[in-house]
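# Fold and contact review
Listed below are the residues making up each chain.
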Amino acid sequence: MKEIQQRHHKLLILYATQTGNALDASERLAREAERRACPINLLSLHQYDPNLLPQEEAVVFVVSTTGQGDTPDSMKVFWRFLLQRSLSQHWLKGVHYTVFGLGDSGYQKYNFVAKKLDKRLKDLGGTTILERGLGDDQHPSGYEGTLDPWMSSLWRILNTIKPEFLPNGPDVSIQDTVLIDQPKVQITYHNIESHFSTASDDIMILTDTGSVRSMHPGKSSSDRSGHPDCFLKMVKNLPLTRANCGKDVRHFEFELESHAIKYDTGDVLEILPGQDSAEVDAFIRRCDLDPDAFISISPRGTDDCNGHGSRIPIQLKTFVELTMDVASASPRRYFFEVMSFFATAEHEKERLQYFSSPEGRDDLYQYNQKERRTVLEVLEDFPSVQMPLEWLIQLVPMLKTRAFSISSSQSVHPNQVHLTVSVVSWTTPYKRKKKGFCSSWLATLDPCNAVGIPAWFHKGSLPTPSPSLPLILVGPGTGCAPFRGFIEERALQSKTISTAPIMFFFGCWNEDGDFLYKDLWLNHSQNNGVLSEANGGGFYVAFSRDQPEKVYVQHKMKEHSGRVWNLLADGAAVYIAGSSTKMPTDVTSAFEEIVSKENEVSKEDAVRWIRALERCGKYHIEAWS
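Residues numbered from 1 in each chain as written. Predicted model: local features only at pLDDT ≥ 70, side-chain atom pairs only at ≥ 80, totals over all residues. Heavy atoms only, no water.

## Topic: the environment of alanine 481
How we decide: Numbering of helices and strands starts at the N terminus; helices are DSSP runs of H or I of at least 4 residues and strands are runs of E of at least 2. Note on definitions: a residue-residue contact is assigned when non-hydrogen atoms from the two residues lie within 4.5 Å.
Looking at where alanine 481 falls in the secondary structure, it is placed in helix α16 (residues 481-493). Put simply, alanine 481 and glutamate 371 are 110 residues apart on the chain and 30 Å apart in space, counted from C-alpha to C-alpha. Those residues within four positions of alanine 481 in sequence are excluded, and the remaining contacts are Ser405, Ile406, Ser407 and Thr420.

Here it is in structure tokens:
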């Protein structure tokens, strides 16, 4: 390959984010670089042309791992490009790079994306300037526990190998008073009556969910910030668990209000939850904002009168309701740093400065993330802080959609979609009662009151199986949700065609407390149903708390290892869904033990056998925290 002479004399920071953490980390890197007078270029991987990579001098990749070792949506095209066989082992010769990953060591494939990216860049001839950093959500300070020391090393090494990047050296020498940046956005206030002759038409456009969310500067390619696929109306809200059993799991049924949408079993539904109007009002009062004002938002430094769609006015309260998560998400560390510049009470300023310093990182994590403090709670704890709207829009976390496995078959329930949702609640280390934002909101909805819920459909980790494919399903707790759809669909198919058997392992606490969809499973496991042993399948349930010793799904699998192996030998696909903690690992180990025992092979061969099943698309995991 011909040596490229022209190189880009800027530190390139490329990020791939799914929930926003990698974006936060990359923006933090960018701020620290700018404070050292280092020229930078900050881009999402989906915005960057990978053909230009050999021309870069130094690149920092900040990438998160999602699901079971998956790349974020914004990285998929870039990653496919890097995997091209036509790229030589010298393609990145002369390019210095490093990788920082964000992951959770509770998952089996911890920081898998960062690890495979690092290896691929090395294989293509790139030069590592610093060993990859692996941020861990399980660390007492979250990913920042690794990021802080890793960044310190980065500036020292960069100063050694590329001193022209850091003309002032690796340490910040600028006075703190000038370290606050300009906000990324600018706000224009509009007088609707005088500017728009057809005000009612304009206001109707401005309340459109997709248009409003597209105005938020925090949106990324993976955000469901475009127009919803449809609006849903709840028609059923049924408890599946016995009262006071220690869990509250609900069955929700929705009808499609707008045009019909096609979905398949195994697909995922994302919904945009509604915020409590009292909390939105409290935030607006605390920040001294006018809820009835009409505003438009544009990137700082652009002309606000160019007729671009994002310049259309929106009522301030509507913008807050649809885009700014004021009462569920915890603010990021930079929020506290910016707050410190606007604090007028000295003791508040000192506390905020401490929180945003490396020394205060652990205490901030305990106060903020561990306690799940909301933006509203934090602002109320620091009453002297009055932040401008520009900063609030930039720093308040964007209201995120929430994803759920669909638990219905559209063939069985035309124009409907069903969800199986655990209503989450917990107590923080300081004994504060907290509730899951979306699940609690759904639980309070009354089907008699029509509420249009913005919704998006997309593929999850569980592909729709063909009727002729034997299945082994493992879904404890709400992990049974997608399999309700699978079993409904196959039962319908079995009425007209020959279908393959299904073996289903379900787990819960107690038979009389949280045996979700008990009648459905038992009905299909009898009279030659799709879950019946007579048809080659089976339904097996583990009640973990109905006896002195704990019994989990993996124990039931090993109890029926011969039947499991027979189905695997017949070409069955494995589907696992549920909690992301230990369950997927324990279930996979059980499969490996079964293969080793029943096929009379070593444990190593059994592990390879399961890996081969995964590679050929017959071993799927959908797990959530």
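## Regarding helix α15 (residues 437-444)
Rules: A simple rule labels every residue: compare its accessible area, found with a 1.4 Å probe on the protein chains alone, to the largest value its type can have, and call it buried under 20%, exposed over 50%, or partly exposed in between.
Among the eight residues in α15, seven count as buried, and that is most of the element. All of the buried residues in α15 are Phe437, Cys438, Ser439, Ser440, Trp441, Leu442 and Ala443.

## Remarks on the packing of aromatic side chains
The cut-off we apply is this: The pairing test for Phe, Tyr and Trp rings, Trp by its six-membered ring, is centres within 6.5 Å, and the orientation test on the planes gives stacked under 30 degrees, edge-to-face over 60, and tilted for anything in between. Geometrically, a charge over a ring is one whose NZ (Lys) or CZ (Arg) sits within 6 Å of the ring centre while staying within 35 degrees of the ring normal.
Under the criterion given, the structure shown has 25 aromatic pairs. Measuring from centroid to centroid gives 6.2 Å for phenylalanine 504 and phenylalanine 506, while their planes differ by 50°, and the two rings are tilted. For the pair phenylalanine 504 and phenylalanine 506, one class covers both residues: buried. Centre to centre, the rings of phenylalanine 591 and tyrosine 619 are 5.9 Å apart; their planes meet at 80°, and the pair counts as edge-to-face. With phenylalanine 591 in helix α20 (residues 583-598) and tyrosine 619 in strand β22 (residues 619-624), this residue pair connects regions lying 28 residues apart in the sequence. For tyrosine 619, a relative accessible area of 7% translates into the label buried. Ring pairs connect the aromatic residues Phe483, Phe486, Phe504, Phe506, Phe515, Tyr517, Trp521, Phe539, Phe543 and Tyr575, which therefore count as one cluster. Directly above the aromatic system of tyrosine 367 lies the positively charged group of arginine 351, at a separation of 5.1 Å from the ring centroid. Across from the ring centre of tryptophan 509, 3.8 Å away, lies the NZ or CZ of arginine 545, which sits over that ring.

## Brief notes about the nonpolar core
Soluble, globular proteins show a tendency: their nonpolar side chains are buried together. Just so we agree on the cut-off: By convention a nonpolar core is built from buried Ala, Val, Leu, Ile, Met, Phe, Trp, Tyr and Cys residues, the set being connected through side-chain atoms within 4.5 Å.
With 47 residues, the main nonpolar core has Phe283, Met324, Phe335, Met339 and Met387 as its most contacted residues. The residues touching methionine 324, leaving out its near neighbours within four places in the chain, are His216, Gln275, Phe283, Phe319, Leu392, Ile393, Val396, Pro397 and Leu399. Formed by 27 residues, the second largest nonpolar core is a distinct cluster that contains Tyr15, Val62, Leu130 and Leu166.

## Re the sheet that holds strand β18 (residues 471-474)
We apply this condition: Being paired, for any two strands, means DSSP has found at least two bridges between them. Lines fitted to C-alpha atoms define the axes, with helix axes restricted to the stretch in contact, and inter-axis angles between N-to-C directions lie between 0 and 180 degrees.
Reading across from one edge, β20-β19-β18-β21-β22 is the order of the five strands in this open sheet, with parallel pairing throughout. Looking at the sheet topology across the chains shown, the edges are occupied by β20 (538-543) and β22. Ignoring which end each strand starts from, the neighbouring axes of this sheet average 10° apart. Pairing geometry for strand β21 (residues 573-579) and β22, over six bridges, is parallel. Paired with alanine 577 across the two strands is glutamate 622, which belongs to β22. α16 rests against β18, β19 (502-508) and β21 of the sheet, and its axis sits at about 150° to β18.

## Side note on the UniProt feature "binding site: NADP(+)" (unreviewed entry) in the protein chain
To keep it simple, the criterion reads: UniProt positions are given in the numbering used here, feature names are shortened, and annotations may be inferred rather than shown by experiment.
This chain's UniProt record puts "binding site: NADP(+)" (unreviewed entry) on Thr478, Ser544, Arg545, Lys550, Val551, Tyr552, Val553, Gln554 and Asp586. Mapped onto the fold, arginine 545 is located in the loop between β20 and α18 (553-559). In contact with arginine 545, not counting residues within four places along its chain, are Trp509, Asn510 and Lys550. As for its placement among the helices and strands, lysine 550 is situated in the loop between β20 and α18. On the basis of relative accessibility, which here comes to 45%, the residue lysine 550 falls in the partly exposed class. Non-local contacts of lysine 550, meaning those with residues more than four positions away in its chain, are made with Ser544, Arg545 and His555.

## Examining helix α19 (residues 561-569)
Put simply, the rule is: For this quantity, the arc is that covered by the directions from the helix axis to the C-beta atoms.
Along α19, the positions that sit buried rather than exposed are Ser561, Val564, Trp565, Leu567 and Leu568. Considered in projection along α19, the buried side chains sweep an arc of 160° and stay on one side of the axis. Those residues of α19 that are buried are in contact with β18, β19, α18, β21, α20 and α21 (603-615). Directly beyond the C-terminal end of α19, a positive phi value near 95° is found at glycine 571.

## Some details on the domain arrangement of the protein chain
Formally: For the domain bounds, the source is a domain assignment made automatically or taken from a database. As a working definition, buried area equals the accessible area (1.4 Å probe) given up by two parts on being put together, with both sides summed. By definition here, a salt bridge exists when the distance from a side-chain nitrogen of Lys or Arg to a carboxyl oxygen of Asp or Glu is within 4 Å. Whenever a nitrogen or oxygen atom comes within 3.5 Å of another N or O atom, the pair is scored as a polar contact, on the condition that within protein one atom can donate a hydrogen and the other can accept it, and that pairs from neighbouring residues in sequence are kept only if both atoms are in side chains. Note that Gly is not counted as nonpolar here; it falls among the polar residues with everything else outside the nonpolar set of Ala, Val, Leu, Ile, Met, Phe, Trp, Tyr, Cys and Pro and the charged set of Asp, Glu, Lys and Arg.
When the domains of the protein chain are assigned, the result is domain 1 (11-177), domain 2 (185-192 + 201-395) and domain 3 (471-623). If you average the C-alpha positions of domain 1 and of domain 3, the two centres end up 39 Å apart. With five residues of domain 1 at the interface, the matching set in domain 3 holds eight residues. Of the roughly 520 Å² buried at the junction of domain 1 and domain 3 (both faces included), carbon and sulfur atoms supply 37%. A per-residue breakdown of the area domain 1 buries against domain 3 is headed by Gln68, Tyr107 and Gln108, which together make up 76% of the total. There are one salt bridge connecting domain 1 and domain 3. Note that lysine 109 and glutamate 614 form a salt bridge whose closest N and O atoms lie 3.1 Å from each other. Taken together, the links from domain 1 to domain 3 amount to one residue pair in polar contact (both at pLDDT 80 or more). Among the residues making up the side of domain 1 that touches domain 3, the classes are represented as one nonpolar, three polar and one charged.

## A closer look at the sheet that holds strand β11 (residues 294-299)
Strand order in the open sheet made by the three strands is β7-β11-β12, with antiparallel pairing throughout. Edge positions in the open sheet fall to β7 (185-190) and β12 (314-315), since each of these has one partner strand only. In this structure, β11 lies alongside β12, joined through two bridges in antiparallel fashion. Considered in β12, the bridge of isoleucine 295 is made with isoleucine 314.

## Thoughts on the pattern of salt bridges
One pass over the full model with this rule turns up 32 salt bridges. Glutamate 57 is the salt-bridge partner of lysine 162, the closest N and O atoms lying 2.9 Å from each other. Of this pair, lysine 162 sits in the loop between α4 (144-161) and β7 while glutamate 57 sits in strand β3 (residues 56-64), and the two are 105 residues apart along the sequence. Here lysine 162 matches glutamate 57 in class, with each residue buried. Residue arginine 333 is joined to aspartate 148 by a salt bridge in which the shortest nitrogen-to-oxygen separation is 3.1 Å. You can see arginine 333 sitting in helix α10 (residues 333-342) and its partner aspartate 148 sitting in helix α4, a full 185 residues away along the chain. Both residues of the pair, arginine 333 and aspartate 148, count as buried.

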